Amino acid sequence: MAREFLDEWPLASLVCAYAGGSVGRGEADAYSDLDLHIFVEGEGEPSCENRLFRGHVIQLLVQCAPTDEEVYENPWAWRYLKEAKVVLDPEDRFTSWMNDMCAYMDSQAGKEKMFAQAKAEVDSFHEEAQAALMEGFPYSAYLAAWAGWVGALQMSAVFQGYSLSDAQLYQLVQKARRSDVVDGFFQETYRSNEEVQDALMLLADYRAHLRSKNEGITFALAAENDWLVKRKVQRLQAQNQLDMAGFLLFSEAIWIYHSVDSDEWLENHWADLPAKLSLSLQILGFFQADEQLLSDLRCASAEIIAEIG
């Protein structure tokens, strides 16, 4: 399907195209969408959009072809190349280049640089959490600390050779059980398909409201994303993995928020929403942090990173 799409929508400046996500990992099924990445010549900002093609949604990301130096300088940002599947390589440049870049990321020097960059990112999230709490934003503090902890789990996945899928990340979340109030939240909250459907409808309302207020932000707020997340939830419902469906919906809510207000504290973002909507969103998995919770998440992150070595 990817090759057929590129045949019908050719780009003169195309260097190569690859599939990411579940297709790139070889895990795609009837519920999967297609993440299609296009490298082009020249300069410019990356662009993302949803394209409807023959009854399917293609999530299309177009960006300038990176140089060797860009990958060498920031290999952590390019870790997903390790799960790429080449779709089109007209000049036979990308496949060998990708192999070289993946070999660098697997080298001792590459691993050390990736580890340092990832750890700095985790530390930055925990610093942001502390700053948010000091400024009186406990929900934002929790969200940043959660991001730091999940970032440490992503490090664990990368350096232990696991998949970078949402399913794998959730398995690591479950394995790294904590003793705080958040532990077990998704299992306790999502016990029926009705509860999952209610959360799904809430997300659709959230996206629709933001779409009506934010012209120009078309990717994360596009209505097609409601269909995509519904398909993913249907897969999890068919597998009776309702707690993972809840985790997915929580992650989707975070993505929507960051797509429009990444520079705003979560509390300020919620304040601009209708009261009923902002109150409802809190039940998806947002908590208020205190010093103890921040300390617990920071220590949990440090323990995960220490285990990686």
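Worth saying up front: this structure is predicted, and the values here are computed from it rather than measured.

Visitor: Explain the confidence of the model for the protein to me, using residue names and the numbers behind them.
Guide: With 98% of its residues at a pLDDT of 70 or more, the protein has an overall mean of 91. Confidence, expressed as mean pLDDT per element, reaches its minimum in the protein at helix H7 (residues 166–175) with 83 and its maximum at helix H5 (residues 108–134) with 97.

Visitor: Describe the environment of Leu164, listing the residues and the values that go with them.
Guide: Inspection of the secondary structure assignment puts Leu164 in the loop between helix H6 (138–159) and H7. Looking at Leu164, the relative accessible area reads 19%, which means it is buried. Placed 81 residues apart in sequence, Leu164 and Glu83 show a C-alpha to C-alpha distance of 8.1 Å. Those residues in contact with Leu164, other than ones at most four positions away along the chain, are Arg25, Arg79, Tyr80, Glu83, Ala157 and Val158.

Visitor: Which residues make up the pairing of strand E2 (residues 34–40), and what values go with them?
Guide: With six of seven residues buried, E2 is to be regarded as a mostly interior element. Bridge analysis of strand E1 (residues 14–20) against E2 gives six bridges, and the strand direction is antiparallel. Looking at the pairing, Tyr18 lines up with His37 of E2.

Visitor: Explain the side chain of Ser301 residue by residue, including any values.
Guide: With respect to the helices, strands and loops of the structure, Ser301 is situated in helix H14 (residues 291–308). Excluding its chain neighbours within four sequence positions, the residues that come into contact with Ser301 are Val122, His126, Gly148, Trp149 and Ala152.

Visitor: For the environment of Trp146, give the residues involved together with the corresponding values.
Guide: Turning to its location among the elements, Trp146 is positioned in helix H6. A sequence separation of 151 residues divides Trp146 from Leu297, and the C-alpha atoms of the two residues are 7.1 Å apart.

Visitor: Before we move on, could you go through the nonpolar core and cite the residues and values that matter?
Guide: One recurring pattern in soluble globular proteins is that nonpolar side chains are buried together. Within the largest apolar cluster, 84 residues are counted, with the highest numbers of intra-cluster contacts made by Leu81, Trp146, Trp149, Tyr206, Leu284 and Phe286. The element contributing the most residues to this core is H6, with 14 residues. In this structure Tyr206 touches Ala253, Ile256, Tyr257, His269, Leu273, Leu277 and Leu281, once residues within four positions along its chain are discounted. Counting residues in each nonpolar core, the second largest holds 15 residues, with Leu34, Leu36, Ile58 and Val87 among its members.

Visitor: Can you tell me about the layout of surface pockets, naming the residues and giving the values?
Guide: Counted as a void, the second largest pocket has a volume near 230 Å³. For the lining of the second largest pocket, the secondary-structure elements that each account for two or more residues are H6, H7 and H14. A per-element tally of the lining of the second largest pocket places H14 first, with four residues. Each residue belonging to the lining of the second largest pocket can be placed in one class, and the counts come to seven nonpolar, two polar and three charged.

Visitor: Please give an account of the packing of H6 against H7 that cites residues and values.
Guide: Where H6 meets H7, the axes come as close as 10 Å, and the angle between the chain directions of the two elements is 110°. When the interaxial angle is binned, H6 and H7 end up roughly perpendicular. Crossing of H6 over H7 shows right-handed handedness. Across from Trp149, Val150, Leu153, Gln154 and Ala157 in H6, the residues of H7 making contact are Leu169, Leu172 and Val173. Across the contact of H6 with H7, the residue classes break down as seven nonpolar, one polar and no charged.

Visitor: Which residues make up the pattern of salt bridges, and what values do they have?
Guide: In total, this model carries 13 salt bridges according to the counting rule given. Notably, a salt bridge pairs Arg207 with Asp226, separated by 2.8 Å at the nearest N-O pair. Of this pair, Arg207 sits in helix H9 (residues 193–213) while Asp226 sits in helix H10 (residues 224–238), placing them 19 residues apart in sequence. The burial state of Arg207 is the same as that of Asp226; both residues are buried. With a shortest N-O distance of 2.8 Å, Glu252 and Arg207 are connected by a salt bridge. Of this pair, Glu252 sits in helix H11 (residues 242–261) while Arg207 sits in helix H9, and the two are 45 residues apart along the sequence. Shared partners join several salt bridges into a network, and the residues in it are Glu4, Glu8 and Arg54.

Calculation notes
- Residues numbered from 1 in each chain as written.
- Predicted model: local features only at pLDDT ≥ 70, side-chain atom pairs only at ≥ 80, totals over all residues.
- Heavy atoms only, no water.
- pLDDT = per-residue confidence, 0-100.
- Helix = DSSP H or I, 4+ residues; strand = E, 2+ residues; numbered from the N terminus.
- Buried < 20%, exposed > 50% of the residue type's maximum accessible area, 1.4 Å probe, protein only.
- Contact = heavy atoms within 4.5 Å.
- Pairing = 2+ DSSP bridges.
- Core = buried A, V, L, I, M, F, W, Y, C linked by side-chain atoms within 4.5 Å.
- 1 Å grid on protein atoms, 1.4 Å probe; cavity = no way out; pocket = protein on both sides within 12 Å on 5 of 7 lines; lining within 4 Å.
- Points joined across faces, edges and corners; volume = space filled by probe spheres on them.
- Nonpolar A, V, L, I, M, F, W, Y, C, P; charged D, E, K, R; others polar.
- Axes fitted to C-alpha atoms, helices over the stretch in contact; angles between N-to-C directions.
- Parallel < 35°, antiparallel > 145°, perpendicular 65-115°, else oblique.
- Left-handed = near helix turned anticlockwise from the far one by under 90°.
- Salt bridge = Lys/Arg side-chain N within 4 Å of Asp/Glu carboxyl O.

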